[in-house]
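Residue-level structure breakdown
Each chain, letter by letter, is given below.
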Amino acid sequence: MAVNLESLSEATSGAIGSLLSTTILYPLDTCKTKYQAEAQAHGQQKYRNLSDVFWEAISTRQVLSLYQGLGTKNLQSFISQFVYFYGYSYFKRLYIEKSGSKSIGTRANLVLAAAAGACTAIVTQPLDTASSRMQTSAFGKSKGLWKTLTEGTLSDAFDGLGVSLLLTSNPAIQYTVFDQLKQQLLKKKRKEADKASSPVVLSAFTAFLLGAISKSVATVLTYPAIRCKVMIQAADPDDDDAAADNKTKRARPKSHKTISGIICAIWRKEGILGFFKGLEAQITKTVLSSALLLMIKEKITATTWVLILAIRRYLLLTRGRLKSV
């Protein structure tokens, strides 16, 4: 099956946008993840707000540890966004070809986005689990990617997969809202400049604003599942305490976290509001990240398309010269 260049362009620009936005906001992501992973016990908690995580890194002279797991996170983000945008673009094109319609409704858009999200979650779950464990490890005690993945069983690498599949509704909602708002704005702009020769595109600020709105809606609706997923994938504090004592570490069996166990723990220790602990931090990080991703993607899509066409033309010319020889 031939590779669709339009889908490839969408996937590449989305992956590059994800890579840049993840790197820019990674310290905030680390603070947010560590804050979410902590469960309050007997009215006591280590982090009372997001800034406490940041000040801990400064006070312990482990500021660079705010970037622990960045390589793994970037790899996971690049692959996941490439798979997602390629799958979403491919499914959308396939739907239009099979249905014969010129546009996609909201319901069909949700199904296509969820299908692309499910494929992405399955492919990148081990990397997602590893990056979460590396981020939630004590500052300065994070392990490498290979050691993090191989210290447990294969099923451990897929911790939280069920919740990840459930959370495919998050990007489905996000990109559906973004796409629908984008189409409405572009339709309005085309009517205002129907005789213009240049293509109608979103400005960087408009793309940023639409990205922020769409991600806010998705985050609020799915946040309880997001926090449960972080707690399932978080590094075990006992592992950090026993890092210097290999015998103790080997003697202690690894605790297996389940979604039902996490829900009961949050309910018992923190009450119903515990399911929304860190919501503000999640919205701040995800809105900025997604808005940056979509803004960067919108601005580099045209350039990516030109580069792909240029590479394709070069390969075809090279092939022609080789055949002539």
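The text that follows walks through the structure, step by step, so that each part is easy to find. Nothing here was measured: the structure is a model prediction, and the numbers come from that model. Along each chain, residue indices are assigned from 1 in the same order as the chain's sequence is written. Only residues with pLDDT of at least 70 get local features here, since the model is predicted, and only at 80 or more are side-chain atom pairs given and counted; chain-wide, interface and lining totals rely on the full set of residues. Excluded from the side-chain calculations are hydrogens and water; all other atoms, namely the structure's heavy atoms, are used.

Let us now look at the overall build of the chain. By the criteria applied, helices consist of DSSP H or I runs no shorter than four residues and strands consist of E runs no shorter than two, each listed in order from the N terminus. For the chain, the helix and strand inventory stands at 14 helices and 0 strands. Per-residue accessibility, obtained with a 1.4 Å probe over protein chains only, is compared with the maximum for each type, and a residue is labelled buried under 20%, exposed over 50%, and partly exposed between these values. A total of 325 residues make up the chain; the buried ones form 44% of that total. Contacts are assigned to residue pairs that have any heavy atoms within 4.5 Å of one another. Look at the contacts in the chain between residues 6 or more apart in sequence, and 82% of them connect residues 24 or more apart. With residues, only the protein chains shown are counted as cover, and all accessible areas are computed by Shrake-Rupley using a 1.4 Å probe. Working note: accessible area of the chain is about 17,500 Å², and carbon and sulfur atoms make up 64% of it.

Here we come to the pattern of salt bridges. Salt bridge criterion: a side-chain nitrogen from Lys or Arg within 4 Å of a carboxyl oxygen from Asp or Glu. All told, the structure shown has 9 salt bridges when counted by the stated rule. For arginine 133, the salt bridge goes to aspartate 159, with nearest N and O atoms at 2.7 Å. Here arginine 133, found in helix 5 (residues 106-136), pairs with aspartate 159, found in the loop between helix 7 (154-157) and helix 8 (161-166); they are 26 residues apart in sequence, far enough to count as distant. Note on aspartate 159: relative accessible area 10%, which makes it buried. Several salt bridges share partner residues, and in doing so they unite Asp29, Lys32, Lys73 and Lys285 into one network.

Moving on, we come to the packing of aromatic side chains. When two rings of Phe, Tyr or Trp (its six-membered ring) have centres within 6.5 Å they constitute a pair, described as stacked for plane angles under 30 degrees, edge-to-face for angles over 60, and tilted for the intermediate range. Scanning all chains against the criterion turns up 7 aromatic pairs. Consider the rings of phenylalanine 82 and tyrosine 86, whose centres lie 6.3 Å apart with planes at 5°: the pair is stacked. Here the residue phenylalanine 82 and the residue tyrosine 86 both occupy positions in helix 4 (residues 70-99), the gap between them amounting to 4 residues, near one helical turn. For the ring pair tyrosine 86 and tyrosine 90, a centre distance of 6.5 Å and an interplane angle of 0° mean the geometry is stacked. Of this pair, tyrosine 86 and tyrosine 90 both sit in helix 4, 4 residues apart, which is roughly one turn of that helix. In this structure an aromatic cluster arises from ring pairing among Phe82, Tyr86, Tyr90 and Phe91. Placement of a positive charge over a ring is assigned whenever Lys NZ or Arg CZ falls within 6 Å of the ring centre and within 35 degrees of the normal to the ring plane. Its end group placed over the ring of phenylalanine 139, lysine 34 keeps NZ or CZ at 4.7 Å from the ring centre. Stacked on the ring of tyrosine 35, the Lys or Arg lysine 277 has its end atom at 5.0 Å from the ring centre.

Looking at where threonine 219 falls in the secondary structure, it is placed in helix 10 (residues 204-233). Classification of threonine 219 as buried rests on a relative accessible area of 1%. Excluding residues that lie within four positions of it along the chain, threonine 219 makes contacts with Asn170, Leu279, Gln282, Ile283 and Thr286.

Next up on the list: the side chain of glutamine 135. With respect to the element layout, glutamine 135 can be found in helix 5. Residue classification places glutamine 135 among the buried residues on the basis of a relative accessible area of 1%. Sequence-distant contacts of glutamine 135, that is, excluding residues within four places in its chain, are made with Tyr26, Asp29, Thr30, Thr33, Lys34, Gln68 and Lys73.

So, on to helix 5. Every α-helical turn comprises 3.6 residues, leaving residues that sit three or four positions apart pointing alike. Compared with the 45 Å implied by 1.5 Å per residue over 31 residues, the 37 Å span of helix 5 between its first and last C-alpha is markedly short. The largest bend along helix 5 reaches roughly 65° and is located at threonine 124, with the proline proline 126 sitting one to four residues downstream. Helix span, as expected, comes to 1.5 Å for every residue beyond the first. Note on bend: the value at a residue is the angle between axes fitted to the seven residues ending there and to the seven starting there.

Before going further, it helps to spend a moment on the nonpolar core. One finds Tyr84, Tyr88 and Tyr175 to be the most contacted residues of the largest nonpolar core, which totals 17 residues. Looking at this core, the elements that each hand over two or more residues are helix 4, helix 5, helix 9 (169-192) and helix 14 (279-324). Each nonpolar core is a collection of buried residues, namely Ala, Val, Leu, Ile, Met, Phe, Trp, Tyr and Cys, held together in the definition by side-chain atoms within 4.5 Å. Grouped together as the second largest cluster of nonpolar side chains are 12 residues, Ala225, Met231, Ile266 and Phe275 included.

Any link to function would need more than the numbers given here.
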